[in-house]
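Spelled out from the first residue to the last, the chains are:
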Amino acid sequence: MENIIYLDNAASTPVDPRVVEAMLPYFSQYYGNPSAIHPMGRLADEALETAREQVARLINCQSEEIIFTSGGTESDNLAITGVASACRGNHIITSEIEHHAVLEACHALVKKGFEITYLPVDRSGQVSAQDLQAAITPQTALVSIMAANNVIGTLQPIAEIGAICRKRGVFFHTDAVQMAGHLSVDVKRDNIDLLSLSGHKFNGPKGVGILFARSEVPLSPLILGGGQEAGLRSGTENVPGIAGLGVASEIAMAEMESEAKRLCKLRDDLINRILADIPGTCLNGHPGKRLPNNVNISFEGIEGEYFTKELSKQGICVSTGSACSSESHEAPYVLLAIGRERELANCSIRLSLGKMTTAEDVNKTVAAICSVAAKIRKQTRVW
């Protein structure tokens, strides 16, 4: 769309044209069911296995350890509920700022007799490895800590967390939905046992993701039926989407380093100019250990949802936080967890950059934010 500046890539990204091209044949040319043994079925199955290898290379695991799912939410649920159902322990450790897909899965397990420990985070949004160490008990079955936060962009010390879990004999799951495809993720280096990612967060299609599950991890399926995905995720696989996810993974591997550097430069420019040009602003999240594309800023006296709507009138697409909870009018729980007062937490917006974002977009965005912020403050007379 013309005159639109899209800065909500944490919610979803545009599908790369190369990914679209790879998907098209599986809609009408190679349309067989991958479970069928005839030639059309074999062609579809070959696409699955090619994609499985491509995704495995992205996170450095074995292809047989990749389980295709419908996306990050299903992968998180399968990891948490699947391990909880298959292990003896009844204790799970997570953090206060996890995605709802993790938090709600944990809430559901409480009704089944599980004990959940929610680790606090510091003012930058990081979990303490020492707190994790102290929270592990003989009954701990799983630790689930996200690699990067979807609201404030803070990176967690997952390598350190993974080392602690491996030493204590506890399985470690990380929701890497925001990080995978943007920064290096290595399940062997970081001692990760389970990992979730979603295609539409790094220029792949919606409706497809994976759960990596190390071969030694016991896992019970959530969906029963035809026994697809080694019996861990029944249902006919989304062949076009999976083929697209595989190509998106290959592209990400090839372009990740250069794209991260480019986005970091734009991100820092955007942050510095907003903080310098607009009084009463503060950055949320870690100043350095954050996603290359994430900017989350609070504006005193400007309600975030209203600010977002006013910016949209200028053609600037931003958000107040997670798209999965955009209908909620409660203060963002992630910002409350890092110590922001409720009023200031409600005055935050998230700008997430992507492959299409340019320096000119940043210039126009800064100008629009300055103009709209001044207008709102003048109208409400709070500044």
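In case you missed it, the structure is sitting above this.
Residues numbered from 1 in each chain as written. Predicted model: local features only at pLDDT ≥ 70, side-chain atom pairs only at ≥ 80, totals over all residues. Heavy atoms only, no water.

A. Summary view of the overall build of the protein chain. The number of helices and strands found in the protein chain is 12 helices and 12 strands. Oriented by its inertia axes, the alpha-carbon framework of the protein chain measures out at about 70 × 55 × 35 Å. Scored against the burial criterion, the 383 residues of the protein chain give a buried share of 57%. Counting contacts in the protein chain only where the partners sit at least 6 residues apart, residues at least 24 apart contribute 73% of the total. As presented, the protein chain carries roughly 16,500 Å² of accessible surface, and 53% of it is formed by carbon and sulfur atoms. Charged side chains of the protein chain number 35 positive and 43 negative; the gap between the two group centres comes to 4 Å. (Helix = DSSP H or I, 4+ residues; strand = E, 2+ residues; numbered from the N terminus. Buried < 20%, exposed > 50% of the residue type's maximum accessible area, 1.4 Å probe, protein only. Contact = heavy atoms within 4.5 Å. Areas by Shrake-Rupley, 256 points an atom, 1.4 Å probe, with all protein chains shown as cover. Lys, Arg positive; Asp, Glu negative; His and termini not counted. Charge placed at Lys NZ, Arg CZ, Asp CG, Glu CD.)

B. Focus on the sheet that holds strand β3 (residues 91-95). Read across the sheet, 7 strands follow the order β2-β8-β7-β6-β5-β3-β4 without closing on themselves; strand pairing throughout is mixed. Since the sheet does not close on itself, it has two edges, and those belong to β2 (66-69) and β4 (115-119), each with one partner. Adjacent strand axes in the sheet meet at a mean angle of 20° when their direction is disregarded. (Pairing = 2+ DSSP bridges. Axes fitted to C-alpha atoms, helices over the stretch in contact; angles between N-to-C directions.)

C. Highlighting the nonpolar core. In this structure, Ile 59, Leu 195, Leu 197 and Ile 210 are the most contacted members of the largest nonpolar core, which totals 64 residues. For this core, the element with the highest residue contribution is helix α8 (residues 239-277), accounting for 9 residues. The contacts of Leu 195, once residues within four sequence positions are left out, are Ile 59, His 173, Thr 174, Ala 176, Val 185, Val 187, Ile 210, Leu 211 and Phe 212. (Core = buried A, V, L, I, M, F, W, Y, C linked by side-chain atoms within 4.5 Å.)

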